[in-house]
Amino acid sequence: MREIKFRGKAKYKTQEFNKGEWVYGYYFYTKIQDEHYIYAPLCNQDGSVGIIAQVEVIPETVGQYIGLKDKEGNEIYEEDILAIEDQHTNVILGDGTGPTEKFNHIVEVYYDMGQYVVDTKTNGNFIPETDALPLYTIIKDLVGKENIEIIGNKYENQELLEG
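In this text the structure is predicted, and so the values were computed from the model without any measurement.

Trainee: Before we go on, may I ask you to explain the confidence of the model for the chain in this structure?
Mentor: Detailed reading of the predicted model is not advised wherever pLDDT is low. Per-residue pLDDT for the chain has a mean of 79; in total, 76% of the residues score no lower than 70. A low-confidence stretch, residues 89-96 (pLDDT under 50), is modelled with 18 contacts involving residues beyond four sequence positions or located in other chains. Predicted confidence is poor over residues 124-129, with pLDDT under 50, and the contacts of this stretch with residues over four places away or in other chains come to 20 contacts.

Trainee: What is the right way to read the packing of aromatic side chains from this model?
Mentor: Two measures describe an aromatic ring pair: the distance that separates the ring centres and the angle between the ring planes. Overall, the coordinates contain six aromatic pairs when judged by the stated rule. Ring centres of Phe6 and Tyr27 lie 5.4 Å apart, and the angle between their planes is 40 degrees; on these two criteria the pair is classed as tilted. Here Phe6 is found in strand E1 (residues 6-9), whereas its partner Tyr27 is found in strand E2 (residues 22-30), with 21 residues between them in sequence. Relative to Tyr39, the ring of Phe28 lies with its centre 5.9 Å away and its plane at 70 degrees, an arrangement referred to as edge-to-face. Taken as a pair, Phe28 in strand E2 and Tyr39 in strand E3 (residues 35-43) lie far apart in primary sequence, eleven residues in all. Take Tyr39: its relative accessible area is 24%, and that puts it in the partly exposed class. Members of the aromatic cluster, joined through ring pairs, are Tyr24, Tyr65 and Tyr77. When the ring centre of Tyr65 is taken as origin, the NZ or CZ atom of Lys5, which lies over that ring, is 5.5 Å away. It is Arg7 that lies over the ring of Trp22; its NZ or CZ is 4.4 Å from the centre.

Here is what the cut-offs are and how they apply
Throughout, a residue's number is its position along its own chain's written sequence, starting from 1. Two thresholds apply to this predicted model, a pLDDT of at least 70 for residue-level local features and 80 or more for giving and counting side-chain atom pairs, whereas whole-chain, interface and lining totals are computed over all residues. Values shown for side chains rest on all heavy atoms present in the structure; no hydrogens or waters enter the calculation. pLDDT measures how confident the predictor is about each residue, on a scale from 0 to 100. When checking whether two residues touch, look at their non-hydrogen atoms; a contact exists if any pair is within 4.5 Å. Stacked, edge-to-face and tilted are the three classes for Phe, Tyr and Trp ring pairs, Trp counted by its six-membered ring, which pair at centre distances within 6.5 Å; planes under 30 degrees apart are stacked, over 60 edge-to-face, the rest tilted. Per the convention used, a helix needs a DSSP run of H or I reaching at least four residues, while a strand needs a run of E reaching at least two, with both numbered from the N terminus. Exposure is judged per residue with a 1.4 Å probe applied to protein chains only, and the accessible area is read against the type maximum: over 50% gives exposed, under 20% gives buried, and values in between give partly exposed. Whether a charge sits over a ring depends on NZ of Lys or CZ of Arg being within 6 Å of the ring centre and within 35 degrees of the ring normal.

This is the structure we're talking about:
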């Protein structure tokens, strides 16, 4: 079963987190107060959970863990920017001739159409005729997770998606 957890940037400085620091844990939204929180389990020195910090986060930065990790074992979250190394670029792009060298696609992960997809309109087009390609398809059928690396996220590294 996939682990359900979220991350968001702390809206204010707390005892446990600095303003703007990533907070990982369980997401909670209060509609009446229009506030967004991450409940972050904090571990003791022995690794056991000590307390759970309630941290208000910036709503635009909240993203869910998608259940996959990159080649370094880092968890992939919505809005992460990935470098996908592809030895089949020409096949994926549709001309069928095959590559002569590796190519890195730079893509953003987001949730759409009931699944996690990558934005193919960024500087690393996979298929020009579509706006999104399912991430599971890329990993399972095209490149494998050993060729995917998190290189940033859209909040801190927007420049990676340009050009």
